[in-house]
Structures are given as structure tokens and as C-alpha cells.
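Close look at the chain arrangement
Each chain, written out:
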Amino acid sequence: MAAAISIRQETAADFAAVFDVNRLAFGQDNEARLVDALRANETAFVPELSIVAVIGAIVVGHILFTKITIRGSNGNLHGSLALAPMAVRPEHQKQGIGSQLVRKGLAVASGLGFQSVIVVGHEQYYPKFGFEPAEKWNIKAPFEVPSDAFMAIELIADGLRNVSGMVVYPAEFESV
Ligand SMILES: CC(C)(COP(=O)(O)OP(=O)(O)OC[C@H]1O[C@@H](n2cnc3c(N)ncnc32)[C@H](O)[C@@H]1OP(=O)(O)O)[C@@H](O)C(=O)NCCC(=O)NCCS
């Protein structure tokens, strides 16, 4: 019988393993270092939203959501979350672990009172969780990205109603 997967908030004991998961999944350590940097950003980091997938004692996946703002053209600021990065160890990919991490993260974020999440990612992967192109709400990325790959989800009904503008990411993202 396959070992059970648990999906839970990371602890300090997981930090090194989370670094390895990101390094192995991305084939470089930029994203792993991004996770470390975001953890140290007290404004952006939400401990409950750094989540690991564990099989036995092995961390096989990780997902992070950090706080962002959406700046409207009138200067209004709306709080939201960015889903990034997400990683599953190569030998454990395509077994549904990434999907479990996304669903758990969205549920925890919703329970914490967040109203929306933004993601830059594959346009065939994220819609199954309810993400739609962010252009639906006239929400724009601060960098060049195909419109289908820049997506948002409302965690409550109308969570993005009257929200539009440019996403402002934590500065740590500029190093990736
Ligand atoms: C992106 C990533 C996190 C996805 O993790 P994952 O655990 O492989 O994701 P899932 O298993 O949920 O889904 C992957 C595919 O496997 C399929 N799948 C899910 N469960 C499956 C199963 N039991 N058997 C076979 N296939 C399955 C899914 O349908 C999905 O295919 P689709 O995208 O065509 O729908 C992982 O591929 C990764 O770490 N990639 C490198 C890093 C990266 O690019 N991260 C994203 C950008 S931040």
C-alpha cells in the first residue's frame, strides 16, 4: 500500500527539505532562495500558508502564498495573495500532490479571511481549481506575461468585485 500523504503547515524543521524540494523541482536554486527570502519578510509571509506535502518523513512538495497588494488606478490598495512558488519532487510529480497543495492552500487562505489569490502559471493547470484570467477583473501584472497565464481566483463571492489595477509583489520576487 502506498504511504499516506499528509499536507500540513511547514515547521522550522522542514526549511532545509523545502529548499531541496524547490531546488530539485526547478533545477536551480533561485526559487529555493526566494522561499527563504520571503520567509524573512514579515509583511508578506503568512506562516499558515507555507505548506508541505509529506510522505513518511520525507517532504515531497511545498507551496507558498504571500501577501501582495493590487493597486488601483485611483491609488486604492486591495490586499490579496500570490501563489508562488510551488514545487513537487520530480519523482513524485503527476500523482496529484501539487493539486492537494493548491486545494489545501486555498482552503487555509479562505479560512484566514483572504478574499483572492493571484497566480502566474500554466493556463491548463490552474483553471481546474477555479482560477480564471485576471484580465476578467482588469488586474494586471507588473511584468510581461501572456494574459492566459496570469490568473486570479475569488475565495469568497465577489472577492474581487470592484478590484482592478496592478499587482505589487514583495521586492524579493525581483531576484527570480
Ligand atoms: C507544477 C508542479 C508543482 C505540479 O505538481 P504535481 O504534483 O505534478 O501536480 P499534479 O500531480 O497535481 O498535476 C500534474 C499533472 O498530473 C496529472 N495527475 C494528477 N494526479 C495523477 C495521477 N494520480 N496519475 C497520473 N496523473 C495525475 C494531473 O492531471 C496534471 O496534469 P494536467 O496538468 O495535464 O492536468 C510540479 O510539476 C513541479 O514541481 N514542477 C516544477 C516547478 C514548477 O514549474 N512549479 C510551478 C511554477 S511556480
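Residues numbered from 1 in each chain as written. Predicted model: local features only at pLDDT ≥ 70, side-chain atom pairs only at ≥ 80, totals over all residues. Heavy atoms only, no water.

Considering the site of the ligand
Of all residues adjacent to the ligand, which total 15 residues, the nearest are Lys94, Gly96, Gly98, Ser99 and Lys128. Residue lysine 94 places a main-chain N or O atom 2.7 Å away from an oxygen atom belonging to the ligand. Contact between the ligand and glycine 96: an oxygen atom at 2.7 Å from a main-chain N or O atom of the residue. In the complex, 59% of the free accessible area of the ligand, which totals 930 Å², lies under the protein chains. Of all the elements in the fold, those that place two or more residues in the shell around the ligand are helix 1 (15–26), strand 4 (77–88) and helix 3 (97–111). For the shell around the ligand, the leading source of residues is strand 4, giving four residues. For the shell around the ligand, the class distribution of residues is eight nonpolar, five polar and two charged. (Near = heavy atom within 4 Å. Polar contact = N/O pair within 3.5 Å; in protein donor to acceptor, adjacent residues only side chain to side chain. Areas by Shrake-Rupley, 256 points an atom, 1.4 Å probe, with all protein chains shown as cover. Helix = DSSP H or I, 4+ residues; strand = E, 2+ residues; numbered from the N terminus. Nonpolar A, V, L, I, M, F, W, Y, C, P; charged D, E, K, R; others polar.)

Overview of the pattern of salt bridges
By the definition in use, this model includes eight salt bridges. The shortest N-O distance in the salt bridge between aspartate 14 and arginine 8 comes to 2.8 Å. Among the residues examined, aspartate 14 registers a relative accessible area of 6% and is labelled buried. Between glutamate 132 and lysine 136 there is a salt bridge, with its nearest N and O atoms 3.1 Å apart. Each of Glu10, Asp36 and Arg39 takes part in one network of salt bridges that share partners. (Salt bridge = Lys/Arg side-chain N within 4 Å of Asp/Glu carboxyl O. Buried < 20%, exposed > 50% of the residue type's maximum accessible area, 1.4 Å probe, protein only.)

Concerning the UniProt feature "transmembrane region" (unreviewed entry) in the protein
With numbering matched to this structure, UniProt assigns "transmembrane region" (unreviewed entry) to residues 44–65. End C-alpha to end C-alpha, residues 44–65 measures 9 Å, and it is 0% helix and 86% strand. (UniProt positions renumbered as here; feature names shortened; annotations may be inferred.)

Quick word on the side chain of aspartate 14
Along the chain, aspartate 14 turns up in the loop between strand 1 (5–9) and helix 1. Of note is the side chain of aspartate 14, whose polar atom sits 2.8 Å from the side chain of arginine 8. Excluding anything up to four places from it in sequence, aspartate 14 contacts Arg8, Gln9, Val52 and Val59. (Contact = heavy atoms within 4.5 Å.)

As for the UniProt feature "domain: N-acetyltransferase" (unreviewed entry) in the protein
Residues given the UniProt feature "domain: N-acetyltransferase" (unreviewed entry) here are residues 5–156. Measuring from the first to the last C-alpha atom of residues 5–156 gives 28 Å, for a span that is 24% helix and 37% strand.

Overview of the environment of valine 167
Secondary-structure assignment places valine 167 in strand 9 (residues 165–168). Linking valine 167 and histidine 62, residues 105 residues apart in sequence, is a C-alpha distance of 23 Å.

What to know about helix 1
Between its first and last C-alpha atoms helix 1 spans 17 Å; for twelve residues at 1.5 Å apiece the expected length is 16 Å, and the two agree. Within helix 1, the full set of buried residues consists of Val18, Val21 and Asn22. Axial view of helix 1: buried residues confined to an arc of 90°, hence all on one face. Where helix 1 is buried, its residues touch helix 2 (30–39), strand 2 (45–55), strand 3 (58–71) and strand 4. Once helix 1 ends, the next one or two residues include glycine 27, with phi positive near 70°. (Expected span 1.5 Å × (residues − 1). Arc of directions from axis to C-beta.)

Describing the pairing of strand 5 (residues 116–120)
When you tally the buried positions in strand 5, you get four out of five residues, the bulk of the element. Note: strand 4 against strand 5, three bridges, orientation parallel. Residue pairing across strands places leucine 81 opposite valine 117, the latter belonging to strand 5. Once the chain exits strand 4 it traverses helix 3 before rejoining the sheet at strand 5, and the crossover so formed is right-handed. (Pairing = 2+ DSSP bridges. Right-handed = clockwise from strand over helix to strand, strands pointing away.)

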